[in-house]
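What follows is the residue order along each chain.
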2 protein chains.
Amino acid sequence: MNKPPSFAEGLLQYVEELKDESEMTEKQRNILRASVKLFAEKGFHASSTSEIAKEAGVAEGTIFRHYKSKKDILLAVVAPVLVKFAAPFILKDVREIFKERAQKPFGEIVTELYRNRLNLVVANEKHIRILLQEAFFHDEIREALISTVFEDAKVMAQKLIEAKVDAGELRPLPSQAVFRAVLSAMIGLVLFRQVLDKDDYAAYSDEEQIAMTVDILLNGIAK
Amino acid sequence: MNKPPSFAEGLLQYVEELKDESEMTEKQRNILRASVKLFAEKGFHASSTSEIAKEAGVAEGTIFRHYKSKKDILLAVVAPVLVKFAAPFILKDVREIFKERAQKPFGEIVTELYRNRLNLVVANEKHIRILLQEAFFHDEIREALISTVFEDAKVMAQKLIEAKVDAGELRPLPSQAVFRAVLSAMIGLVLFRQVLDKDDYAAYSDEEQIAMTVDILLNGIAK
DNA sequence: CATAAAAGCGAGTGATTACTCACTTATTAC
DNA sequence: GTAATAAGTGAGTAATCACTCGCTTTTATG
């Protein structure tokens, strides 16, 4: 009775209420933009509403006209990114595309996946920063991230992997381990490019880095 | 001209000042323990000094008797973990061991590395949580982490990799890409075990998971 | 045992926090 | 054109923040 809304319910409910940017006032857009900037720089808790107001060129009261609490701003910032990440796995017609693609060699599928996700991350760097930061503390956000994005991706990926194993294209390893390898390589790619090793990464183009990563994923590093 | 202390200087200086737990008073140990608990649960900024005092069973004034500011507590919490992570790459005699090991097959070296680091993470879960969380915002911590731990590890690993390539044990890939593959697999292993996929991970033992990961790293997933 | 230093205390500090509310200005609907 | 609704304001609020300081208690030293 009255059990708290699950990941999908909570998120999707919020998504329903999500306004399109076009139907916001100028000031409201400024508030969001300022919040993204400050949250990404100093974190949610370290950014005060008075700072946000100043950065947005708005009275502090205006903020609470649009968002009933500070945390509400965070959700408004984070939800769209979560949706973008989750979308490919939620939307049915994209699943269809995935099915069509299942005929392609696994290497090509993964290459396309890495390319796609890398672009997504680069284009939404700040938002993703905020999303990850806050996923550390806010259970709702972390659970939404894992349940919505990760679990769905896992199910789809493992199906594909098992099919490819049956087709003799991949080695008969536990699909769990293969999925981890695919995802790890992707995370590593993003992490090195964006955080850890920017300089050395740039010695090759994105396309080359992806190709090397897929090559190693498929064929290993041993001679 | 008064240039800011580099990673190693700054860190090592702080480490010098690090008290051993044994030479702390009961209350001071309680303060640290309480801080670790709260920082891990709610983050640094969201934890107030009054909460820490209450959790530690101590007057708020006592905290500032031992730590001159709240941020000082964070550094006292984080520094020992940073040292643990960095130690293998800083200590010279460990480098020697690494040289001896260089004769072993690459797969064995990596297996040992994964085993070692996985234990480290499991044994220091909360501290590492705090370290990563705060590395997002505090430049000093992030830079210490990258400069001290990552860069040193990279240099050592790439030397080893290049030696193994020359010896014909590894494929002649850019050592950068190989290093990324090795580290990505390790991060993925930890991430799946601790955060993303606890349940399914447990279907195999740590030792089995490591073995599969190394197998995939060396030989790839393709047939 | 005497004395000094360190550890511990908690009421009190000004600054800042998220948020409210009575009010004004702009937009929409008929 | 006027009534109603929404958007915007900024002074004000109680609570909380990190931190201080005068004081007491404990521990170490000779």
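Treat the numbers as computed from the prediction; the structure is a model and nothing was measured.

## A word on the domain arrangement of chain A
All names here are of chain A.
Point 1. Along its sequence, chain A is carved into domain 1 (7-66) and domain 2 (78-219).
Point 2. Across the contact, 11 residues belong to domain 1 and 15 residues belong to domain 2.
Point 3. Across the domain 1 to domain 2 interface the summed buried area is about 1,100 Å²; carbon plus sulfur atoms make up 79%.
Point 4. At the surface where domain 1 touches domain 2, the tally comes to zero salt bridges.
Point 5. Summed over the shared surface of domain 1 and domain 2, the number is two residue pairs in polar contact (both at pLDDT 80 or more).
Point 6. Split into classes, the residues belonging to the side of domain 1 that touches domain 2 amount to nine nonpolar, one polar and one charged.

## Observations concerning the relation of the copies chain B and chain A
Point 1. Placing chain B over chain A gives an RMSD of 0.1 Å and needs a rotation angle of 180°, together with 0.0 Å of translation along the axis. The relationship between the two copies is best expressed as a two-fold rotation axis. For chain B, the residue whose C-alpha comes nearest the rotation axis is Gly220(B), separated from it by 1.9 Å.

## What to know about the protein's contact with DNA strand C
Point 1. Neighbouring DNA strand C are 17 residues, the closest being Thr49(A), Lys70(A), Lys27(B), Arg65(B) and His66(B).
Point 2. Arg65(A) is positioned with one of its side-chain polar atoms (N or O) 3.4 Å from a base nitrogen of DNA strand C.
Point 3. Lys27(B) is positioned such that a nitrogen or oxygen atom in its side chain is 3.0 Å from a phosphate oxygen of DNA strand C.
Point 4. Among the elements of the structure, helix 3 (49-56) and helix 4 (60-66) of chain A together with helix 4 (60-66) of chain B are those that each provide at least two residues to the surface near DNA strand C.
Point 5. For the surface near DNA strand C, the element with the most residues is helix 4 of chain B, which contributes four residues.

## Some remarks on the interface of chain B and chain A
Often, the extent of an interface is quoted as the loss of accessible area on bringing the components together.
Point 1. Across the contact, 55 residues belong to chain B and 54 residues belong to chain A.
Point 2. Summing both sides of the interface, chain B and chain A together bury roughly 4,900 Å²; the carbon and sulfur share of this comes to 64%.
Point 3. Residue Asp215(B) is joined to Arg171(A) by a salt bridge in which the shortest nitrogen-to-oxygen separation is 2.6 Å.
Point 4. Along the contact surface separating chain B from chain A lie 28 residue pairs in polar contact (both at pLDDT 80 or more).
Point 5. Looking at the side of chain B that touches chain A, the elements that each hand over two or more residues are helix 8 (125-135), helix 9 (139-166), helix 10 (175-196), helix 11 (198-201) and helix 12 (206-219) of chain B.
Point 6. Ranked by residues supplied to the side of chain B that touches chain A, first place goes to helix 10 of chain B with 16 residues.

## Some thoughts on helix 2 (residues 26-42) of chain B
Residues and elements named next belong to chain B.
Point 1. Taking 1.5 Å of rise per residue, the 17 residues of helix 2 would be expected to cover 24 Å, and the 24 Å separating its terminal C-alpha atoms lies within 8% of that figure.
Point 2. If you check which residues of helix 2 are buried, you get Gln-28, Asn-30, Ile-31, Leu-32, Ala-34, Ser-35, Val-36, Leu-38, Phe-39 and Ala-40.
Point 3. Directly beyond the C-terminal end of helix 2, a positive phi value near 90° is found at Gly-43.

Quick notes on the rules
- Residues numbered from 1 in each chain as written.
- Chains lettered and ligands numbered in written order.
- Predicted model: local features only at pLDDT ≥ 70, side-chain atom pairs only at ≥ 80, totals over all residues.
- Heavy atoms only, no water.
- Domains from an automatic or database assignment.
- Contact = heavy atoms within 4.5 Å.
- Buried area = accessible area lost by both parts, 1.4 Å probe.
- Salt bridge = Lys/Arg side-chain N within 4 Å of Asp/Glu carboxyl O.
- Polar contact = N/O pair within 3.5 Å; in protein donor to acceptor, adjacent residues only side chain to side chain.
- Nonpolar A, V, L, I, M, F, W, Y, C, P; charged D, E, K, R; others polar.
- Least-squares fit on C-alpha atoms with pLDDT ≥ 70 in both.
- Near = heavy atom within 4 Å.
- Helix = DSSP H or I, 4+ residues; strand = E, 2+ residues; numbered from the N terminus.
- Expected span 1.5 Å × (residues − 1).
- Buried < 20%, exposed > 50% of the residue type's maximum accessible area, 1.4 Å probe, protein only.

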